[in-house]
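Okay, here's what each chain looks like letter by letter:
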Protein chains: 2
Amino acid sequence: MTDEPAELVEEREEEADDSYALPRKAVAQILYAVDTNDRDQLIELMEPLHAADIADMLEQINAFDRMRLIKLYDREFDGEILSELDEAIREEVIGILRPEVLAEAVREMDSDDVVDLLEDLEEEQQEAILEVLEDADRVAVEQSLTYPEYSAGRLMQREVVMAPEHWNVGEAIDYLRNTEDLPEQFYHVILVDPKLRPVANVTLGRLMSSRREVLLGSIAEDTFHIIPVTRPESEVAYAFNQYHLISAPVVDENDRLVGVITIDDAMAVLDDEHEEDILRLAGVGEESRLSDSILETTKLRFPWLAVNLLTAVLASLVIAQFEAAITQVVALAVLMPIVASMGGNAGTQSLTVAVRALATKDLTGSNVWRVIRREAFVGLVNGVAFAVIMALVGFFWFGSPQLGAVIAAAMIINLVVAGLAGIMIPVILEKAGVDPALASGAFVTTVTDVVGFFAFLGLAVVVLL
Amino acid sequence: MTDEPAELVEEREEEADDSYALPRKAVAQILYAVDTNDRDQLIELMEPLHAADIADMLEQINAFDRMRLIKLYDREFDGEILSELDEAIREEVIGILRPEVLAEAVREMDSDDVVDLLEDLEEEQQEAILEVLEDADRVAVEQSLTYPEYSAGRLMQREVVMAPEHWNVGEAIDYLRNTEDLPEQFYHVILVDPKLRPVANVTLGRLMSSRREVLLGSIAEDTFHIIPVTRPESEVAYAFNQYHLISAPVVDENDRLVGVITIDDAMAVLDDEHEEDILRLAGVGEESRLSDSILETTKLRFPWLAVNLLTAVLASLVIAQFEAAITQVVALAVLMPIVASMGGNAGTQSLTVAVRALATKDLTGSNVWRVIRREAFVGLVNGVAFAVIMALVGFFWFGSPQLGAVIAAAMIINLVVAGLAGIMIPVILEKAGVDPALASGAFVTTVTDVVGFFAFLGLAVVVLL
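Procedures and definitions
- Residues numbered from 1 in each chain as written.
- Chains lettered and ligands numbered in written order.
- Predicted model: local features only at pLDDT ≥ 70, side-chain atom pairs only at ≥ 80, totals over all residues.
- Heavy atoms only, no water.
- Helix = DSSP H or I, 4+ residues; strand = E, 2+ residues; numbered from the N terminus.
- Buried < 20%, exposed > 50% of the residue type's maximum accessible area, 1.4 Å probe, protein only.
- Contact = heavy atoms within 4.5 Å.
- Areas by Shrake-Rupley, 256 points an atom, 1.4 Å probe, with all protein chains shown as cover.
- Lys, Arg positive; Asp, Glu negative; His and termini not counted.
- Charge placed at Lys NZ, Arg CZ, Asp CG, Glu CD.
- Pairing = 2+ DSSP bridges.
- Axes fitted to C-alpha atoms, helices over the stretch in contact; angles between N-to-C directions.
- UniProt positions renumbered as here; feature names shortened; annotations may be inferred.
- Least-squares fit on C-alpha atoms with pLDDT ≥ 70 in both.
- Salt bridge = Lys/Arg side-chain N within 4 Å of Asp/Glu carboxyl O.
- Core = buried A, V, L, I, M, F, W, Y, C linked by side-chain atoms within 4.5 Å.
- Buried area = accessible area lost by both parts, 1.4 Å probe.
- Polar contact = N/O pair within 3.5 Å; in protein donor to acceptor, adjacent residues only side chain to side chain.
- Nonpolar A, V, L, I, M, F, W, Y, C, P; charged D, E, K, R; others polar.
- Patch = residues over 30% accessible without salt bridge, like charges linked within 9 Å, V, L, I, M, F, W, Y side chains within 5 Å.

Student: Help me get a handle on the overall build of chain A, residues and values and all.
Tutor: Along chain A, the regular secondary structure elements total 22 helices and 6 strands. Along the first, second and third principal axes, the C-alpha set of chain A runs to 90 × 65 × 40 Å. Considering chain A as a whole, with its 465 residues, one finds that 56% of them fall into the buried category. Of the contacts formed within chain A by residues at least 6 apart in sequence, a portion of 65% connects residues at least 24 apart. Accessible surface for chain A amounts to roughly 19,400 Å². Of this, 54% is attributable to carbon and sulfur atoms. Here chain A holds 32 positive side-chain charges and 81 negative ones, and the gap between their average locations is 6 Å.

Student: Hey, could you go over the sheet that holds strand β1 (residues 162–164) of chain A for me, with residue numbers and the actual values?
Tutor: All names here are of chain A. Pairing in this open sheet of 3 strands is mixed, and the strands run β1-β2-β3 from one edge to the other. Every interior strand has two partners, whereas the edge strands, β1 and β3 (198–203), have only one. Geometrically, the sheet is characterised by an average inter-axis angle of 35° between neighbouring strands, direction not taken into account. Across 3 bridges, the pairing between β1 and strand β2 (residues 188–192) is parallel.

Student: Residue-level account of the UniProt feature "domain: CBS" (unreviewed entry) in chain A, with values.
Tutor: Per the UniProt entry, the sites bearing "domain: CBS" (unreviewed entry) are residues 219–276 of chain A in this numbering. The span residues 219–276 of chain A shows a helical share of 43% and a strand share of 22%, and its end C-alpha atoms are spaced 40 Å apart.

Student: Requested: an account of the relation of the copies chain A and chain B, with residues and values cited.
Tutor: Least-squares fitting of chain A to chain B yields an RMSD of 0.1 Å, with the superposition described by an axial translation of 0.0 Å and a rotation of 180°. Considering both components of the superposition, the chain copies are consistent with a two-fold axis. Distance from the rotation axis, computed per C-alpha, reaches its smallest value in chain A at A:Thr327: 2.5 Å.

Student: How would you sum up the pattern of salt bridges? Please name residues and give values.
Tutor: Under the definition given, this model contains 38 salt bridges over all chains. The residue B:Asp277 makes a salt bridge to B:Arg356 at a minimum N-O spacing of 3.2 Å. Taken together, the positions of B:Asp277 in helix α16 (residues 263–281) and B:Arg356 in helix α19 (residues 331–359) put the pair 79 residues apart, joining distant regions of the chain. Here the two residues B:Asp277 and B:Arg356 agree in accessibility, since each one is buried. One network of salt bridges, in which partners are shared, links A:Asp35, A:Asp65 and A:Arg68.

Student: Explain the nonpolar core residue by residue, including any values.
Tutor: By size, the foremost hydrophobic cluster in this structure holds 75 residues, and its most contacted members are A:Ile326, A:Met336, A:Ile338, A:Phe456, B:Ile326, B:Met336 and B:Phe456. Those residues in contact with B:Ile326 that sit more than four places away from it in its chain are A:Ile326, A:Val330, A:Ala333, B:Ile319, B:Leu332, B:Ala333, B:Met336 and B:Leu457. By size, the runner-up hydrophobic cluster in this structure holds 44 residues, among which are A:Tyr147, A:Leu155, B:Met156 and B:Val269.

Student: Can you explain the sheet that holds strand β2 (residues 188–192) of chain B? Please cite residues and give values.
Tutor: Residue and element names in this part refer to chain B. Read from one edge to the other, the open sheet built from 3 strands follows the order β1-β2-β3, with strand pairing classed as mixed. The open sheet has two edge strands, β1 (162–164) and β3 (198–203), and neither has a second partner. Ignoring which end each strand starts from, the neighbouring axes of this sheet average 35° apart.

Student: I'd like a rundown of the interface of chain A and chain B, residues and numbers included.
Tutor: Taken residue by residue, the interface counts 137 residues in chain A and 137 residues in chain B. Taken together, the two surfaces of chain A and chain B that pack against each other cover about 12,200 Å², and 61% of this comes from carbon and sulfur. When the buried surface of chain A facing chain B is broken down by residue, A:Met208, A:Met267 and A:Leu290 rank first, second and third, together holding 7% of it. Linking chain A to chain B there are 4 salt bridges. Ionic pairing is found between A:Arg356 and B:Glu275, a salt bridge with its closest N-O pair at 2.8 Å. Linking chain A to chain B there are 51 residue pairs in polar contact (both at pLDDT 80 or more). Of the residues in the side of chain A that touches chain B, the class split is 68 nonpolar, 36 polar and 33 charged.

Student: Break down a negative patch on the surface for me, citing the residues and quoting the values.
Tutor: On the surface, a cluster of negative charge is made up of A:Glu80, A:Asp110, A:Glu134, A:Asp137, A:Glu159, A:Glu180, A:Asp181, A:Glu184 and B:Asp222. Looking at the secondary structure, you find A:Glu134 in the loop between α10 (123–132) and α11 (135–145). According to the relative accessible area criterion, A:Glu134 is exposed, its value standing at 52%.

Student: Describe the UniProt feature "coiled-coil region" (unreviewed entry) in chain A, naming the residues involved and giving the relevant values.
Tutor: This chain's UniProt record puts "coiled-coil region" (unreviewed entry) on residues 111–138 of chain A. Helix makes up 82% of residues 111–138 of chain A and strand 0%. Its end C-alpha atoms lie 9 Å apart.

Student: Let's hear about the environment of A:Met336: which residues, and what values?
Tutor: Mapped onto the fold, A:Met336 is located in helix α19 (residues 331–359). On the basis of relative accessible area, A:Met336 is assigned to the buried category, the value being 0%. Here A:Met336 is in contact with A:Ile319, A:Ile326, A:Phe453, A:Phe456, A:Leu457, B:Ala333, B:Met336 and B:Pro337, once residues within four sequence places are set aside.

Next up, the structure:
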């Protein structure tokens with residue numbers, strides 16, 4: 001199913017909303033320029049927009065408008081927009097751009113952005129882009145691509161500003177002022193030893209405000225963090241966030257300086273990691289994007305639903321063992337989903353806290369047993385509270401104190417089990433090297449469903465029949 | 001319940017794990033120094049640790065060890081550790097520190113960190129800390145506290161580096177080199193007009209590498225973003241992430257420069273916002289911390305479980321309408337949780353994607369109808385797939401093609417409804433000014449439970465009886 005431009009007329013008539021990043025009105029005007037094939041107007045309207053906002057807009061409009069807009073915008077399309085686009089839309093856009101426009105856009109990009117662009121593309125598109133790069137850039141990009149995906153080596157920029165550790169402020173300032181091609185953005189001068197191993201960072205602000213004869217080593221920053229080139233980018237983001245780093249040198253296996261990672265790249269990784277965690281916890285493929293097609297979205301969500309179906313069928317098998325009891329006391333069928341549902345929710349609470357605490361390294365060997373004990377107690381306290389409530393509901397609704405006692409007992413059992421499963425399953429998965437955000441949910445729900453139905457129906461058989 | 005030191009012996013015997021931020025062994029050695037009251041050893045062991053790691057360790061050990069460690073560490077305890085601590089533990093630690101130690105720690109802190117520290121404290125503790133500050137610092141801190149909580153005004157630092165817009169590079173460099181008290185960290189010189197309104201940013205790198213006679217205005221950065229002092233910090237974090245800002249000037253209601261926000265603060269906010277979203281989606285109070293006590297944790301989780309109980313009871317009321325049918329065909333009781341469970345999971349998938357897309361401003365008036373249509377179609381496609389599977393399960397398990405048809409039809413209905421509810425409920429809540437991460441889950445589950453049971457049991461009555 002493709003989107004039809006007709007719907008846009010309807011959308012444009014709706015109210016504008018100030019809270020949107022891009023006002024509806026601006027998007028409507030841009031689409032009007034596209035409709036009327038008015039290139040000058042389109043360029044004028046797009047001119048004040050940041051590349052990130054243009055990329056967002058391209059993701060939000062439908063495929064037909066996107067194609068027409070890009071063809072009309074043509075040579076104005078620059079590399080930064082490409083960098084900002086979601087993967088799925090980016091591939092589509094690359095297919096639409098004329099080869100000359102694409103070549104120019106890519107040549108404008110920084111080498112780390114080209115790497116980021118290339119790693120998501122199919123081989124054919126990769127080669128087409130590598131071909132248009134200048135020789136030096138191509139070598140740099142190809143070198144970066146030899147580092148593992150999602151490693152510091154892919155994230156770093158290769159342009160570094162360094163100085164021998166024995167220099168003084170005056171020498172550093174003279175060097176900087178006489179160097180032609182400093183990077184656009186840099187925050188530190190990295191001090192290196194004779195073997196090119198980084199030993200300290202000096203901030204530009206500190207350099208600016210110190211007297212010329214002061215030794216660089218004496219004004220180095222307290223916090224200095226060196227990143228091996230193979231370190232996973234998630235660990236890099238953690239280090240930036242934990243130690244409030246602004247930039248950090250990257251070293252190869254011989255501890256030699258090969259690049260630098262800056263906080264803006266680390267922030268983007270942190271954002272992605274969080275997004276991934278949230279989507280994984282909800283059983284949505286972590287690559288899920290609003291701009292994905294119906295088919296892609298369905299494919300991403302199907303596996304998790306299939307796992308959930310297995311869980312649900314397992315729970316049904318438990319219920320099936322108690323068919324006779326249900327036939328005798330139909331109130332059991334009415335009340336049984338309550339126990340399972342409460343357990344599922346309590347389990348999700350515990351597991352979410354556990355998954356986050358593992359991700360932020362707040363849950364460690366030093367406190368895991370105390371946290372497990374806490375979760376069990378929290379389950380017990382909440383279990384008792386809801387047991388009292390449900391005992392009353394059971395009694396007043398169905399007039400049976402025994403039924404009230406059964407559901408109360410089942411509630412306590414299931415909430416304690418939910419607390420324990422919610423904390424222990426993520427911890428065990430993490431130890432086993434499986435991402436707890438990805439797999440914990442299914443396991444925890446299975447436990448709380450099975451225990452919930454079994455405790456309630458099993459106790460009912462013992463007490464009521 | 002308080003933790004007993006006895007458990008630590010047991011913990012220490014467990015295996016160390018390399019992936020932890022703080023090695024178990026280091027923590028064990030530190031606690032041994034505390035046990036043996038060996039202050040010199042404690043100071044030596046703590047010396048190489050970053051304040052953020054010390055704070056993490058203090059959060060992970062139990063309250064008794066924490067108290068003994070802090071008392072033994074005494075004067076070595078510095079302000080940065082306080083800044084890094086979680087709110088709950090921080091209050092506890094402030095209560096343990098001797099007044100002189102606390103005073104010294106606070107005096108060492110930057111003014112924005114003091115603000116951050118104070119805003120979470122109770123009034124009595126606030127005043128005690130304000131008293132120990134020097135006059136100038138106290139005025140700055142009190143002024144910051146007049147801005148709304150979670151606003152740019154609370155986040156910014158007041159120390160700014162600015163220059164008149166008509167200056168050239170030489171004048172700026174001379175000014176910087178002759179200024180005594182430049183901030184420790186700064187990345188831009190902010191150009192201002194005669195009314196102190198910021199007009200552009202020049203990076204220090206650019207300043208360093210330009211000739212002295214070049215006008216500052218001609219080497220200003222392309223991307224320049226001004227932040228009003230009352231803007232919510234979540235919007236500030238969004239702007240930094242979206243536009244790759246490193247620092248941004250903050251202005252008052254007259255557009256005059258009053259401070260500057262740097263990317264490290266924005267990164268911390270982004271991290272908090274994500275954390276809040278994840279915890280809210282899971283129905284855990286957003287202030288939830290591993291270091292919370294059992295009672296606090298129980299109180300935070302109870303409300304969400306209570307809402308879930310209402311939802312579950314509502315679903316039970318639906319089931320109760322079909323008691324007669326269940327008594328006749330007990331297979332209905334066995335299969336009915338499957339339909340509700342699948343709907344709940346599909347709804348959670350849609351709603352998580354919607355909540356994230358709203359947070360990142362990717363879901364706007366320009367694409368909301370298309371996304372709603374997509375979610376309905378995804379629900380339909382997955383619904384049909386699982387309908388086929390469940391029809392077969394229903395048929396082979398219970399030998400009834402009618403039962404298979406009923407569960408298949410109910411599955412399709414519920415997954416389409418789940419997709420629609422999952423997207424529309426967050427969008428409506430956002431429009432109504434309610435945080436969709438907080439409230440969507442309960443509404444969506446209510447819809448999928450009620451529709452799931454009603455569709456399945458209702459169709460069963462029509463087809464089977």
